[in-house]
Amino acid sequence: MRTQIIYEDEQLLVVYKPAGLATESGRPDQMDLVSELKGYLSRGVRLPYLGLAHRLDQPVEGLLAVARDSKTASELGTQLRNGQMKKTYRAVLYLPDGTGPVTGTEETLTDFMIKEGNRARIVESTAPGAKKALLTYTIRKRSGDTALAEIELGTGRFHQIRCQMAAHGMPLLGDQKYGTEESKKESLARGIKTVALCANCLVFIHPGTGREMKVTTKPQNIAFQEYDE
C-alpha cells in the first residue's frame, strides 16, 4: 500500500498521499488512495465507509483527513468550509535570475479563476463562472533561482496554488501543466518529475474528542532536499 497511515481511530484516519497516487480516480482499473484504504480497513470482509473532506491533485503529495462514518465526514466538511480546518503547504518555486520576493516576504494573492477541462485559468472578475481565489504565501528561504514557500489557502479552487503562483511569475518546480519552459527545463535538469508541492500540515478539531489535532509530515519530493529543515 502506497498510502501511509499516520493516525487512526474508530472515527477517522489521517494519511499521507504520495505524489502520483490519485485521491479517488473513479476507475476500476486504477488504484487510488480510497481503494487502498478500503482494502486496508475491510480486511477482506466488506467495504467500509470512507468520506473525504478534502482532496489533493494526483501529482501533489501530503496529508488528508478521511472520515470513517458519515457524521464525522459531515463535521470535517463543516470545519473545512468555516475555516476551522487549516491546511498548510510547502512549495519550491522557480524564480529565475534571482528575481522575485526575498526571504521573509509575506503576501496575499487575490485572483479570479475558472476551470476549463483539466486546467484552471486566471480571468477577470467579470468573466462568466469566475470564482475568487485567495492564498497567502511566505518565502521561508531562497537558494539561487528557487525558493521555499509556505502557503495557506483562503479558498479551495481547482489547481489553485499551481495556477496562481505560476500566474504571478512563480511556477512550481516539476509542474508540467502550469510551469514555464524555463522552469520545466530546470526541473528536468534536477531530476524533479512531480510537482514540488506538499500539504505538510493539517490542523482540525477531532469531531469525537473536541480536541485540536495537528499533524505534520516532511515533503518527499527531491526538490525539497536543499531546504531540509
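As shown above, the structure is provided for reference.
Residues numbered from 1 in each chain as written. Predicted model: local features only at pLDDT ≥ 70, side-chain atom pairs only at ≥ 80, totals over all residues. Heavy atoms only, no water.

(A) Fine view of the overall build of the protein chain. Secondary structure assignment for the protein chain yields four helices and 11 strands. A compact globule built from 229 residues would reach a C-alpha radius of gyration of about 17 Å, and the protein chain, at 18 Å, matches this within 12%. Expressed along its principal axes, the backbone C-alpha trace of the protein chain runs to roughly 55 × 40 × 35 Å. For the protein chain, long-range pairs separated by at least 24 residues make up 63% of all intrachain contacts whose partners lie at least 6 apart in sequence. By element, 47% of the accessible surface of the protein chain is carried by carbon and sulfur atoms, the whole surface being about 11500 Å². Positive and negative charge centroids in the protein chain, built from 31 and 28 side chains respectively, lie 4 Å apart. (Helix = DSSP H or I, 4+ residues; strand = E, 2+ residues; numbered from the N terminus. Rg over C-alpha atoms; globule rule 2.2 N^0.38 Å. Contact = heavy atoms within 4.5 Å. Areas by Shrake-Rupley, 256 points an atom, 1.4 Å probe, with all protein chains shown as cover. Lys, Arg positive; Asp, Glu negative; His and termini not counted. Charge placed at Lys NZ, Arg CZ, Asp CG, Glu CD.)

(B) Just the pairing of strand E9 (residues 146–153), in detail. Where burial is concerned, most of E9 is hidden: six out of the eight residues are buried. Inspection of the sheet shows strand E5 (residues 86–94) paired to E9 by seven bridges, in the antiparallel sense. Across the sheet, Val92 pairs through a bridge with Leu148, a residue of E9. Sheet analysis places strand E8 (residues 131–143) next to E9, joined by eight bridges and oriented antiparallel. Bridge assignment links Tyr137 to a residue of E9, and that residue is Ile151. (Buried < 20%, exposed > 50% of the residue type's maximum accessible area, 1.4 Å probe, protein only. Pairing = 2+ DSSP bridges.)

(C) Main features of the packing of aromatic side chains. Enumeration over the complete set of coordinates arrives at zero aromatic pairs. One residue, Lys115, lies across the ring of Phe158, its end atom 4.7 Å from the ring centre. Of note, Arg119 hangs over the ring of Tyr178, and the distance from its end group to the ring centre comes to 4.8 Å. (Phe/Tyr/Trp six-rings, centres within 6.5 Å; stacked < 30°, edge-to-face > 60°. Lys NZ or Arg CZ within 6 Å of the ring centre and 35° of its normal.)

(D) Molecular detail of helix H1 (residues 33–42). The complete set of buried residues in H1 reads Leu33, Val34, Glu36, Leu37, Leu41 and Ser42. Lining the buried residues of H1 we find strand E1 (4–8), strand E2 (12–17), strand E3 (51–52) and strand E4 (61–67). For H1, the N-terminal capping position is held by Asp32, with its side-chain oxygen 3.3 Å away from the main-chain nitrogen of Val34. (Polar contact = N/O pair within 3.5 Å; in protein donor to acceptor, adjacent residues only side chain to side chain.)

(E) The state of the cysteines, seen in detail. Counted by the stated rule, this structure contains zero disulfides. No disulfide involves Cys198; its sulfur sits 10 Å from the nearest other cysteine sulfur, which is in Cys201. Residue class for Cys198 comes out buried when judged on its relative accessible area of 0%. (Disulfide = S-S within 2.5 Å.)

(F) Quick peek at the pattern of salt bridges. Taken as a whole, this structure holds 10 salt bridges when the rule is applied. The salt bridge involving Arg162 is made with Asp57; its shortest N-O contact spans 3.4 Å. With Arg162 in helix H3 (residues 160–167) and Asp57 in the loop between E3 and E4, this residue pair connects regions lying 105 residues apart in the sequence. The closest approach of N and O atoms between Glu226 and Arg190, which form a salt bridge, is 2.8 Å. Note that Glu226 is positioned in the segment after strand E11 (212–216) and Arg190 in helix H4 (residues 181–190), a separation of 36 residues in sequence. (Salt bridge = Lys/Arg side-chain N within 4 Å of Asp/Glu carboxyl O.)

(G) Broad picture of the side chain of Thr88. Relative to the elements of secondary structure, Thr88 occurs in strand E5. Excluding its chain neighbours within four sequence positions, the residues that come into contact with Thr88 are Glu150, Ile151, Glu152, Cys198, Ala199, Asn200 and Cys201.

(H) Geometry of the side chain of His206. Note that His206 resides in the loop between strand E10 (197–205) and E11. Side-chain polar atoms of His206 contact the backbone nitrogen of Gly208, separated by 2.9 Å. For His206, the side chain forms a polar contact with the main-chain nitrogen of Thr209, separated by 3.3 Å.

(I) Summary view of the environment of Lys17. Following the sequence through the fold, Lys17 ends up in strand E2. On the basis of relative accessibility, which here comes to 0%, the residue Lys17 falls in the buried class. Residues Lys17 and Asp32 lie 15 residues apart in sequence; the distance between their C-alpha atoms is 9.5 Å. Excluding residues that lie within four positions of it along the chain, Lys17 makes contacts with Ala22, Thr23, Leu33, Leu56, Asp57, Gln58, Val60, Glu61, Gly62 and Leu64. Of the polar contacts made by the side chain of Lys17, one reaches the backbone oxygen of Asp57; its length is 3.4 Å.

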